[in-house]
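Understanding the architecture of this molecule
Spelled out from the first residue to the last, the chains are:
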Amino acid sequence: MQTIKEHMTNFAEYCNPSDDLYTLAKKMKENEIGFLPIVNDDHLVGCITDRDIVIDGLAKEVQPNKLKAENIMQEKVITGYPDMSVDEASRLMQDHQIQRLVITEDQKVKGVVSIGDLAVSKGADQAAGNALSEISKPHPS
């Protein structure tokens, strides 16, 4: 059985709830990523995507250095664990229509796995394809 720890990216980058939009965007650019966990006292408290910065941040018409991560972060973060099976992670991503799954252990961020990570894993391509198909469906209004 393939586990998530075999496919996840170990996450060294994160931000704090008090970091401003400039800090978030700069960290994403420097690391060529579009997603950051938000961590407070070594515990996951939320996450922010590059889309959150644009849609929820810049659209508020507040100076980016005055808007903090805590004002736009997604607080409800679906998480997995390192020993979770690839199939289980794919189903979780499919059920919640998410493209990234934060991997935690004792509420501490250990890594992240994306639908793309699962798609390139040998033997997991069907599970990832199913998840991507479900994630891509429009949400009911």
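This report concerns the structure included in the present document. Keep in mind the model is a prediction, meaning the values are calculated, not measured.

This part covers the overall build of the chain. Assigned secondary structure in the chain consists of six helices and six strands. Scanning the chain from its N terminus toward the C terminus, one meets helices and strands in the order β-α-β-β-α-α-β-α-β-β-α-α. The buried share of the chain, taken over its 141 residues, is 42%. A separation of at least 24 residues holds for 54% of the contacts in the chain among residues at least 6 apart in sequence. Surface exposure of the chain reaches about 8,400 Å², of which carbon and sulfur atoms provide 45%.

On to the pairing of strand 3 (residues 43–49). Two faces belong to every sheet, and in a regular strand the side chains alternate between them. Counting buried positions along strand 3 gives five out of seven residues, so the element sits mostly inside the fold. The pairing of strand 2 (residues 35–40) with strand 3 spans six bridges and is antiparallel. Bridged to Val39 within strand 3 is Leu44. As consecutive antiparallel partners, strand 2 and strand 3 are separated by two residues, and within that stretch Asp41 has a phi angle of approximately 50 degrees, a positive value.

This paragraph deals with the sheet that holds strand 5 (residues 100–105). The mixed open sheet is built from four strands, whose spatial order is 1-6-5-4. Sheet topology places strand 1 (9–10) and strand 4 (79–80) at the edges, where each strand pairs with a single neighbour. Sheet analysis places strand 5 next to strand 6 (residues 108–114), joined by six bridges and oriented antiparallel. Opposite Thr104, over in strand 6, you have Val109 as the bridge partner.

Right, let's talk about the pattern of salt bridges for a bit. For the structure on display, the rule yields two salt bridges. A salt bridge links Asp83 to Lys5; the shortest N-O distance between them is 2.7 Å. Here Asp83 is found in the loop between strand 4 and helix 4 (86–96), whereas its partner Lys5 is found in the segment before strand 1, with 78 residues between them in sequence.

On to the packing of helix 1 (residues 21–31) against helix 2 (residues 50–57), then. Interhelical geometry of helix 1 versus helix 2 gives an angle of 150 degrees and a closest axis separation of 10 Å. Taken together, the axes of helix 1 and helix 2 are roughly antiparallel relative to one another. Read as a crossing pair, helix 1 and helix 2 show a hand that is left-handed. Of the residues in helix 2, those in contact with Leu21, Leu24, Ala25 and Met28 of helix 1 are Asp50, Ile53 and Gly57. Along the lines of polarity and charge, the residues of the contact of helix 1 with helix 2 split into five nonpolar, one polar and one charged.

Rules behind the numbers
- Residues numbered from 1 in each chain as written.
- Predicted model: local features only at pLDDT ≥ 70, side-chain atom pairs only at ≥ 80, totals over all residues.
- Heavy atoms only, no water.
- Helix = DSSP H or I, 4+ residues; strand = E, 2+ residues; numbered from the N terminus.
- Buried < 20%, exposed > 50% of the residue type's maximum accessible area, 1.4 Å probe, protein only.
- Contact = heavy atoms within 4.5 Å.
- Areas by Shrake-Rupley, 256 points an atom, 1.4 Å probe, with all protein chains shown as cover.
- Pairing = 2+ DSSP bridges.
- Salt bridge = Lys/Arg side-chain N within 4 Å of Asp/Glu carboxyl O.
- Axes fitted to C-alpha atoms, helices over the stretch in contact; angles between N-to-C directions.
- Parallel < 35°, antiparallel > 145°, perpendicular 65-115°, else oblique.
- Left-handed = near helix turned anticlockwise from the far one by under 90°.
- Nonpolar A, V, L, I, M, F, W, Y, C, P; charged D, E, K, R; others polar.

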